[in-house]
Every structure is written in structure tokens, then in C-alpha cells.
Amino acid sequence: MRAVWLLAGLVCVGIGGVGVVVPGLPTTVFFVAAAWCFSRSSERMERWVLGLPGVGQLVSDYRSGLGMPRRAKVIAIASLTVAVSISALVALEHPVARVGVAAAGLVGIWWILQRVPTRETVLAERAG
């Protein structure tokens, strides 16, 4: 099973790495998933993900319940909106596919807004 978790973690790192350069493809969520997979397979790889510049602190914050910084949430929602809009309006010709992509995008936006904590809000609540 450890090999399966290790492979899953490596796949997540690969997709997250692509997300760094491809607009609209999330990055942090794949590194969070990678750290989770590595926590079940390789302590060394888990430490590596948590030590990555830029994304490591975001993964650590998410794991500790801090969620995402407000700026990151705004960027994620804006990127998701642009990518879904382009896909639904330009790339897809079938109306059902357009509705499906739009619906998936709305679920993603809802998830970010309602289910992912905002770091600044959590810190303010913890402070007092």
C-alpha cells in the first residue's frame, strides 16, 4: 500500500507542478493531496512538500486548519471563473457540456467560499 500512496503523491506533485504554469489549474490543492499521500508512504517526501518554497507554507497552514489567505482565495476564484467561462463559452459546443462545466465551476466556487477557511478570519477568531 505504501507504494500506491507514494505513486499517488508523485502524481499529485506532477499535476500541481503543471498547475504552476497553466492558468486555471489549481496548484495548492494537489500539493495538499500530495502531502496527505506522502504522510501514508514517505516521511521524507512529506517533509519535502512541506519545505517547498511558496507552496509548503500554504500546505502547512491548510493542514493546521488555517485555510487559505484571502488573496489566494480571490485569485483561485478569479482563475476558476475565467477558466470555466472560456471552457463553457468557447471550447465546448454541446449545450449539455456547457451547463455541466458551468455547474462544476459553480460548485468549485461555492466550495472555496463556504468550505475552505480564510486564514485571516481564522487567526482573528483565535486571537480573540
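Scroll up for the structure.
Below, the structure is looked at part by part.

As a further point, take the side chain of Ser42. Relative to the helices and strands, Ser42 resides in the loop between α2 (28–39) and α3 (43–50). Given the relative accessible area of 14%, Ser42 is considered buried. The residues touching Ser42, leaving out its near neighbours within four places in the chain, are Arg2 and Leu6.

What follows concerns helix α4 (residues 56–63). Of all the residues in α4, the buried ones are Gly56, Val59 and Asp61. Summarising the contacts, the buried residues of α4 are in contact with α2, α3 and α7 (119–127). Note on α4: the residue one or two positions beyond its end, Gly65, has a positive phi of about 90 degrees.

By convention here, two paired aromatic rings are described through the distance between centres and the angle between planes. Evaluation of the coordinates by the stated rule reveals two aromatic pairs. Plain terms: the ring middles of Trp5 and Trp36 are 5.0 Å apart, the flat faces sit at 90 degrees to each other, and that makes the pair edge-to-face. Pair noted here: Trp5 is in helix α1 (residues 2–21) and Trp36 is in helix α2, with a separation of 31 residues, a long-range link. Residue Trp36 is classed as partly exposed on the basis of its relative accessible area, which comes to 40%.

If you walk through the whole model with that rule in mind, you get three salt bridges. Between Glu43 and Arg47 there is a salt bridge, with the nearest N and O atoms lying 3.0 Å from each other. Here Glu43 pairs with Arg47, and both are found in helix α3, just four residues apart, close to one helical turn.

Direction vectors running N to C along α3 and α4 enclose 105 degrees, while the axes themselves pass 7 Å from each other. Classified by the interaxial angle, the pair formed by α3 and α4 is roughly perpendicular. In contact with Glu46, Val49 and Leu50 of α3, α4 contributes Gly56, Gln57, Val59, Ser60 and Arg63.

Quick notes on the rules
Residues numbered from 1 in each chain as written. Predicted model: local features only at pLDDT ≥ 70, side-chain atom pairs only at ≥ 80, totals over all residues. Heavy atoms only, no water. Helix = DSSP H or I, 4+ residues; strand = E, 2+ residues; numbered from the N terminus. Buried < 20%, exposed > 50% of the residue type's maximum accessible area, 1.4 Å probe, protein only. Contact = heavy atoms within 4.5 Å. Phe/Tyr/Trp six-rings, centres within 6.5 Å; stacked < 30°, edge-to-face > 60°. Salt bridge = Lys/Arg side-chain N within 4 Å of Asp/Glu carboxyl O. Axes fitted to C-alpha atoms, helices over the stretch in contact; angles between N-to-C directions. Parallel < 35°, antiparallel > 145°, perpendicular 65-115°, else oblique.

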